Each structure stands twice: as C-alpha cells, then as structure tokens.
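A structural walkthrough
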Amino acid sequence: NDSLDAMGFGSFLHEVLEQWGRLELKRETPSDDASRIESEFMDILDRYVRERYGEHQLPGVRLQVEIARHRLSAFAPRQAQRAMEGWRVRMVEADFGPRGFDPPLYPDQDGLYLHGKIDRVDQHDVHGYQALDYKTGAKGETPEEAHRNKNGWIDLQLPLYRVLLKSRDIEVAPDGLGYISLPPDSSRSGF
C-alpha cells in the first residue's frame with residue numbers, strides 16, 4: 001500500500017506509544033528527559049516502519065512516517081513535563097477481554113459483560129489515577145468537545161473506562177478521564 005488511511009495512521013502512532021509505554025513501565029523512575037523520550041520514540045518508530053513496510057517505503061508511507069515523527073517530537077517534551085509533575089505510567093493497553101483482565105458485568109449482576117481496552121493509565125501520588133485515550137485526529141479535540149453536549153455524555157467510551165478500572169480496584173475520578181492528543185498542530189499536543 002502506498003499510504004495509510006486515517007485509522008491506519010492512528011494505529012501506527014498507537015503502536016509506537018504502546019511500545020514506549022511498555023519501556024516506561026519497566027523503569028524504576030519515570031523518564032523526564034525530553035530528548036531521551038524523543039530518541040526512544042524515534043527508535044521505536046524506525047524499527048516499526050522497517051518491520052512493517054521494509055527498508056524502502058513508498059513515498060506516501062514515507063511522508064506519513066515524517067508526519068508521525070513531527071507529532072511524536074512535539075509530544076516528547078509534554079511527556080517529560082508530566083513525569084516531572086509526578087505522573088507515572090501504570091498500565092498500557094489495559095485489555096478487558098479474552099486476552100486480558102476479566103471483563104466486569106455492567107450495570108449490575110444481571111447486566112452484560114463490558115469489554116474494552118484502555119490505551120494508558122497513569123498515576124500520581126496526590127491526584128490519583130487517570131485513564132487516557134490516544135487521539136491522533138486533525139482537530140485535537142478535548143474530551144468535552146468530542147464526548148459531551150449540553151445534555152451530557154454522547155459517547156460513553158471514557159465514562160466506561162471508570163467501570164472497567166473499578167473492577168480492578170482502581171478508582172478514577174470523572175476529571176481523571178482524558179486524552180493524549182497528537183494532532184497536526186503541535187501547540188495542541190499533550191494531555
């Protein structure tokens with residue numbers, strides 16, 4: 001294929017961030033060096049591209065790799081700042097389904113099993129837990145813009161993360177639900 005569609009591009013960035021998150025989980029202390037984080041992002045990106053597309057990618061794929069590189073570079077200092085603020089990555093791609101944690105029943109014992117995957121869960125000693133979803137769309141919307149209107153929630157993805165994590169005895173406050181945005185506009189990159 002000579003390029004990635006929007007979903008493919010988002011999955012591509014998710015894969016890089018997932019692999020980096022798994023590295024971060026193994027560390028004694030969170031990485032707060034922006035240049036180190038960026039370098040790790042780029043190493044993972046380059047390895048993934050070689051494995052997936054070979055040594056010689058078509059022009060459309062090469063362009064999208066450079067776009068991904070730009071977005072990851074913009075995000076690295078924000079990730080470093082977050083670590084400096086005391087946040088730690090605690091879970092990456094937390095899967096509530098057949099290959100992960102047991103899915104909880106929702107809304108009660110007679111309800112349906114709730115399956116899902118949470119991109120990332122971070123923890124702070126004072127602020128508790130946050131459930132975060134990676135977003136790579138062009139708009140760089142906030143959760144409020146994407147999931148709520150004047151009548152309340154219109155998309156239950158983020159609120160249901162609270163139910164999933166509660167089944168693992170992890171409490172997430174409503175304001176602990178959010179996005180990690182990697183939009184084209186680097187000024188909107190971050191948490």
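Before any of the text, the structure's been laid out above.
Note that the coordinates shown come from a computational prediction; the quantities given were computed from them, not determined experimentally.

Moving on, we come to the sheet that holds strand 5 (residues 128-135). Strands sit in the order 1-4-5-8 across an open sheet of four strands; the sheet is mixed. One side of each edge strand has no neighbouring strand; the edge strands of this open sheet are strand 1 (88-96) and strand 8 (177-181). With strand direction ignored, the average angle separating the axes of adjacent strands in the sheet is 35°. Note: strand 4 (residues 116-124) against strand 5, five bridges, orientation antiparallel. Opposite Arg120, over in strand 5, you have Leu132 as the bridge partner. Sheet strands touched by helix 3 (residues 59-84): strand 4, strand 5 and strand 8. Its angle to strand 4, the strand with the most contacts, is close to 50°.

Buried residues dominate strand 1, accounting for eight of its nine residues. Inspection of the sheet shows strand 1 paired to strand 4 by seven bridges, in the antiparallel sense. From the neighbouring strand, Val89 faces strand 4, where its bridge partner is Asp122.

All right, on to the packing of aromatic side chains then. For the coordinates displayed, the defined rule picks out six aromatic pairs. Seen from their ring centres, Phe9 and Phe12 are 6.4 Å apart, and the 35° between their planes marks the pair as tilted. Pair noted here: Phe9 and Phe12 are both in helix 1 (residues 6-25), with a separation of three residues, about one helical turn. Take Phe9 and Phe12: they sit in the same class, and that class is buried.

Summed over all chains, the structure comprises 11 salt bridges. Residues Glu40 and Arg36 are paired through a salt bridge, measuring 3.2 Å at the closest nitrogen-oxygen approach. Of this pair, Glu40 and Arg36 are both found in helix 2 (residues 34-53), four residues apart, which corresponds to roughly one turn of the helix. Close ionic contact of Asp46 with Arg69 constitutes a salt bridge, the shortest N to O distance being 2.8 Å.

Conventions we followed
- Position numbers for residues count from 1 along each chain, tracking the sequence in the order it is written.
- The predicted origin of the model limits local features to residues at a pLDDT of at least 70 and limits the giving and counting of side-chain atom pairs to 80 or more, whereas totals for whole chains, interfaces and linings rest on all residues.
- As a rule here, side-chain values come from all non-hydrogen atoms in the structure, and water together with hydrogens is ignored.
- Two strands are counted as paired when DSSP detects at least two bridges linking them.
- By the criteria applied, helices consist of DSSP H or I runs no shorter than four residues and strands consist of E runs no shorter than two, each listed in order from the N terminus.
- Inter-axis angles, ranging from 0 to 180 degrees, are taken between N-to-C directions of lines fitted to C-alpha atoms, where helices are fitted over the stretch in contact.
- In this analysis, two residues are considered to be in contact whenever any of their non-hydrogen atoms come within 4.5 Å of each other.
- Working definition: with a 1.4 Å probe on protein chains only, accessible area under 20% of the residue-type maximum means buried, over 50% means exposed, and in between means partly exposed.
- By convention, a stacked pair of Phe, Tyr or Trp rings (six-membered ring in the case of Trp) has centres within 6.5 Å and planes under 30 degrees apart, an edge-to-face pair has planes over 60 apart, and any other such pair is tilted.
- Any Lys or Arg side-chain nitrogen located within 4 Å of an Asp or Glu carboxyl oxygen qualifies as a salt bridge.

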